[in-house]
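# Residue-level structure breakdown
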Amino acid sequence: MRIKEVDLRIINLPLVRPFRTSFGTQYERELLLMKITTQDGSEGWAECVAMSEPLYSPEYTFASQDVIERFLLPKIFEAGDIRAEEVADLLRPFLGHQMSKACVETAILDAQLKLEGISFGSYLGSSRELIDCGVSVGITSTIDALAQEVSQYVDEGYRRIKLKIEPGWDIEPVRVIRELFPDMPLQVDANQAYSREDADHLKQLDPFNLLLIEQPLDEHDVLGHAMLAKVVKTPICLDESITSLESARDALALKATTIINIKPGRVGGYLESVKIHDLCVENDIPVWCGGMLETGIGRAANIALASLAGFTLPGDTSASSRYYHRDITTPFVMQDGQLRVPSGPGIGVDIDLDFIDEITTSRKLILAP
Ligand code: NPG
């Protein structure tokens, strides 16, 4: 497959409600969209999950656009005839930038699978047609507001609730939500907001029968997580610390994590995600699919990934309505707490190009030399 042109856009979509985490509040989702067109007329779409600011990871939208344009695409063009399976090795000399690399690989994979008439799910090794949905609930102004928001999601049918926590917003909100929903699978996510000294504090979460505590400490403090895991009974699940197959292998060897959140953007793509999934299956480690407030384009591929057998916990794979009043694809509608894995070729969703045009804030067309 030879790439003819690449269409890079930045789009901006308002969120249905602000999303506050320990690292900041998102009111809208700015993201980079990529469309590649191949010489044989196939099209591939992907979104880069980098946020507008480098708060969750060092990557951010405009840096992604820059690295893709300046380094990643020239390397891909230079290769000429290309398959998605070759992209990671080709781009390996460029350090970091997993989200940008994932975007390039995914767009190429989408075009390739469309050409071959294969869905993402079949290609990745899907084991089911429906996946269970969880929802991630931001920090709110009061515990009453949190209870109201969680109740709405429970009524909508979500099968697992994740609460964002930070120092000063942890034990009490969790206690209240657990009392209101004694049987609901519940987990918390700190996004690195605590330090090793907080072990005794975090231990107070143990009585609430949580599925896991996600990334309590700094992403580089894998050893700290292993130490924490000896003190708290609630399982530790790493997110930000897992950026590759190797980092997953090391974290497991250190017993720093007993569950892994796989986010394809964070680990450099869907092919690396499958490798991490396989490693976890071999080691009896449950995995679940994280989310980065994706539009329908990224979500479609995430849902396909979440349908692999090792994804035994509901992920942050919510319906379109959880994020946006209007999605840029056919919306994902949840039924009975589940979403259907797209079965059409490639990511398998229809793109709403008119709406994308409306919300595009900048655009660049790059022709292959
Ligand atoms: O449902 O897509 C979703 C959001 C899930 O909480 C979620 N994502 O830390 O996992 C996270 C968090 C996040 C959101 C991280 C946006 C970075 C950006």
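Since the structure is predicted, the reported quantities are computational estimates derived from the model, not experimental observations.

## Quick notes on the sheet that holds strand 11 (residues 287-289)
Ordered by their spatial adjacency, seven strands build an open sheet running 5-6-7-8-9-10-11, and the pairing between neighbours is parallel. Looking along the sheet, the strands with just one partner apiece sit at the ends: strand 5 (134-137) and strand 11.

## Points about the state of the cysteines
Applying the stated rule across the entire model yields zero disulfides. Note on cysteine 237: no disulfide assigned, nearest cysteine sulfur contributed by cysteine 280 at a separation of 9.5 Å.

## Re the nonpolar core
Ranked by internal contacts, the top residues of the largest apolar core, which has 120 residues, are Met34, Ile68, Leu163, Leu205 and Ile260. Lining this core are residues from two domains, each supplying at least three of them: domain 1 (3-117 + 352-367) and domain 2 (122-340). With residues up to four places along the chain from it excluded, the contact list for isoleucine 68 reads Leu8, Leu32, Met34, Leu73, Pro74, Ser100, Cys103 and Val104.

## Overview of the sheet that holds strand 3 (residues 43-48)
Strand order in this open sheet of four strands is 3-2-1-13, and the pairing throughout is antiparallel. The open sheet has two edge strands with one neighbour each: strand 3 and strand 13 (360-367). For this sheet, the mean inter-axis angle between neighbouring strands, taken without regard to orientation, is 20°. By the bridge criterion, seven bridges tie strand 1 (residues 3-21) to strand 13 in an arrangement that is antiparallel. Note that in strand 13 the partner of valine 6 across the bridge is isoleucine 366. Packed on one face of the sheet, helix 3 (residues 98-116) meets strand 1, strand 2 (24-38) and strand 3 and runs near 155° to strand 3.

## Side note on the pairing of strand 5
Residues Gly134 and Ser136 point to one face of strand 5 and Val135 and Val137 to the other, with burial holding for every one of them. With four bridges connecting them, strand 5 and strand 6 (residues 160-164) associate as parallel partners. Bridge pairing in strand 6 places glycine 134 opposite arginine 160.

## Some thoughts on helix 3
In this model, helix 3 (19 residues) spans 26 Å end to end at C-alpha, consistent with the 27 Å of a helix rising 1.5 Å per residue. Burial runs high along helix 3: 15 of the 19 residues are buried. Positive phi shows up at glycine 117, right after helix 3, with a value of about 70°.

## A few points about the packing of helix 1 (residues 61-79) against helix 2 (residues 84-91)
How two helices pack is summed up by the angle between their axes together with the distance between the axes. For the pair helix 1 and helix 2, interaxial distance at closest approach is 10 Å and the crossing angle is 125°. Regarding the angle of helix 1 to helix 2, the classification is oblique. Taken as a pair, helix 1 and helix 2 cross one another with a handedness that is right-handed. Across the interface between the two elements, Leu72, Lys75, Ile76 and Ala79 of helix 1 pack against Val87, Leu90 and Leu91 of helix 2. Taken together, the residues of the contact of helix 1 with helix 2 break down into six nonpolar, no polar and one charged.

## Let's talk about the domain arrangement of the protein chain
On domain assignment, one finds that the protein chain holds domain 1 (3-117 + 352-367) and domain 2 (122-340). Its C-alpha centre places domain 1 at a distance of 23 Å from the equivalent point of domain 2. At the interface, 36 residues of domain 1 touch 42 residues of domain 2. Where domain 1 packs against domain 2, one counts three salt bridges. Between glutamate 149 and arginine 17 there is a salt bridge; the shortest N-O distance is 3.5 Å. There are 18 residue pairs in polar contact (both at pLDDT 80 or more) connecting domain 1 and domain 2. At the level of elements, strand 1, strand 2, strand 3, helix 2, helix 3 and helix 14 (353-359) are the ones that each hand at least two residues to the side of domain 1 that touches domain 2. Among the elements that make up the side of domain 1 that touches domain 2, the one with the highest residue count is strand 1 (nine residues). When its residues are assigned to classes, the side of domain 1 that touches domain 2 shows 22 nonpolar, five polar and nine charged.

## Digging into the side chain of threonine 21
As for its position among the elements, threonine 21 is in strand 1. Classification of threonine 21 as buried rests on a relative accessible area of 2%. Sequence-distant contacts of threonine 21, that is, excluding residues within four places in its chain, are made with Ile139, Lys164, Glu166 and Asn191.

About the cut-offs
Residues numbered from 1 in each chain as written. Predicted model: local features only at pLDDT ≥ 70, side-chain atom pairs only at ≥ 80, totals over all residues. Heavy atoms only, no water. Pairing = 2+ DSSP bridges. Helix = DSSP H or I, 4+ residues; strand = E, 2+ residues; numbered from the N terminus. Disulfide = S-S within 2.5 Å. Core = buried A, V, L, I, M, F, W, Y, C linked by side-chain atoms within 4.5 Å. Buried < 20%, exposed > 50% of the residue type's maximum accessible area, 1.4 Å probe, protein only. Domains from an automatic or database assignment. Contact = heavy atoms within 4.5 Å. Axes fitted to C-alpha atoms, helices over the stretch in contact; angles between N-to-C directions. Expected span 1.5 Å × (residues − 1). Parallel < 35°, antiparallel > 145°, perpendicular 65-115°, else oblique. Left-handed = near helix turned anticlockwise from the far one by under 90°. Nonpolar A, V, L, I, M, F, W, Y, C, P; charged D, E, K, R; others polar. Salt bridge = Lys/Arg side-chain N within 4 Å of Asp/Glu carboxyl O. Polar contact = N/O pair within 3.5 Å; in protein donor to acceptor, adjacent residues only side chain to side chain.

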